[in-house]
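# Observations on chain architecture
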Amino acid sequence: MTQPSPPTCSWRPGDSEALRIALSIPVTSAALSALNREMAQLQTEYPTGVCTAQRHLDAIAELDQRLAALTPDDLNAPIRSSRKGVAGGVVPNPLPLSKLAVVEYATELLLEETESEWNPAGPSPAVVLGKQRSQHIGQLALLLPRLQNWRQCNPDPFQGALVRG
């Protein structure tokens, strides 16, 4: 009986750019050549690692789509919310049909209370998805450890380094 060989994966065309973005590697010729070198080395020395890296890249892409789809309401979603109007009182028969008739009859029929409760200690969906994304990025950094030197940690989007070619 023969043992099935482990699956070998090869890098897809967009994987290098996805890795560069995920690991926050700058767009310089030296950084890109280091990225390509590390990808080729992983392909030759540990081909199943390429499959693992691609799974992490796919998970990061899916998390990025979910993060982009979040609305402000999702980011500030309350734990509990309730709405209530004024209870009690005699309901007129026939009911007033216009707002003016309601105001003439009883203004309290227009009142409505809403109550919402947020959990200040609980993380928002964006924080949860961001933590999952950073875990996948950490796993990628373990697969390609020499790229750690090329990573830009907490880059300031309003400052840049002057690079001469």
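Details of the structure are given in the entry above.
These notes cover the structure that comes with them. Bear in mind the structure is a predicted one, so any value in this text is a computation, not a measurement. (Residues numbered from 1 in each chain as written. Predicted model: local features only at pLDDT ≥ 70, side-chain atom pairs only at ≥ 80, totals over all residues. Heavy atoms only, no water.)

## Quick notes on the packing of helix H3 (residues 47-69) against helix H6 (residues 125-143)
For the pair H3 and H6, the least separation of the axes is 9 Å and the interaxial angle reads 160 degrees. In this view, H3 runs roughly antiparallel relative to H6, as classed from their interaxial angle. Between H3 and H6 lies a crossing whose hand is left-handed. Residues Gly49, Thr52, Ala53, His56, Leu57, Ala59, Ile60, Leu63, Asp64, Arg66 and Leu67 of H3 form the contact with H6, whose participating residues are Ala126, Leu129, Gln132, Arg133, His136, Ile137, Gln139, Leu140 and Leu143. Grouping the constituent residues of the contact of H3 with H6 by class yields 11 nonpolar, 6 polar and 3 charged. (Axes fitted to C-alpha atoms, helices over the stretch in contact; angles between N-to-C directions. Helix = DSSP H or I, 4+ residues; strand = E, 2+ residues; numbered from the N terminus. Parallel < 35°, antiparallel > 145°, perpendicular 65-115°, else oblique. Left-handed = near helix turned anticlockwise from the far one by under 90°. Contact = heavy atoms within 4.5 Å. Nonpolar A, V, L, I, M, F, W, Y, C, P; charged D, E, K, R; others polar.)

## Examining the state of the cysteines
This structure, assessed with the given rule, holds 1 disulfide. The disulfide partner of Cys9 is Cys51, and the S-S distance across this bridge is 1.8 Å. Taking the torsion about the sulfur-sulfur bond, which here is approximately 100 degrees, the covalent link between Cys9 and Cys51 counts as right-handed. A residue pair is termed long-range when its members are at least 10 positions apart, and Cys9 in the segment before helix H1 (15-22) and Cys51 in helix H3 qualify at 42 residues. For the residue pair Cys9 and Cys51, the accessibility class agrees, reading buried in each case. (Disulfide = S-S within 2.5 Å. Buried < 20%, exposed > 50% of the residue type's maximum accessible area, 1.4 Å probe, protein only.)

## Let's talk about the pattern of salt bridges
Counted under the stated rule, the structure contains 6 salt bridges. In this structure, Glu62 engages Arg66 in a salt bridge whose closest nitrogen and oxygen atoms are separated by 3.6 Å. One end of the pair, Glu62, and the other, Arg66, are both in helix H3, 4 residues apart, so they sit about a helical turn from each other. Glu62 gets classed as partly exposed once you look at its relative accessible area, which sits at 36%. Here the salt bridges do not stand alone but share partners, grouping Arg12, Asp15 and Asp58 into one network. (Salt bridge = Lys/Arg side-chain N within 4 Å of Asp/Glu carboxyl O.)

## Describing the packing of H1 against helix H2 (residues 29-45)
Look at H1 against H2: their axes get within 11 Å of each other, and the N-to-C directions meet at 115 degrees. Pair H1 / H2 crosses with right-handed handedness. From H1, Asp15, Ser16, Leu19 and Arg20 reach across to H2, where they touch Leu32, Leu35, Asn36 and Met39. The residue makeup of the contact of H1 with H2, split by class, is 4 nonpolar, 2 polar and 2 charged.

## Overview of H6
For H6, built from 19 residues, the straight-helix expectation of 27 Å at 1.5 Å per residue is met to within 8% by its first-to-last C-alpha distance of 28 Å. Listed in full, the buried residues belonging to H6 are Leu129, Arg133, Ile137, Leu140, Ala141 and Leu143. Along the axis of H6, the buried residues cluster in a sector spanning 150 degrees; they form a single face. Among the exposed residues of H6, those oriented more than 90 degrees off its buried face are Lys131, Gln135 and Leu142. Next to the buried residues of H6 lie H1, H2 and H3. (Expected span 1.5 Å × (residues − 1). Arc of directions from axis to C-beta.)

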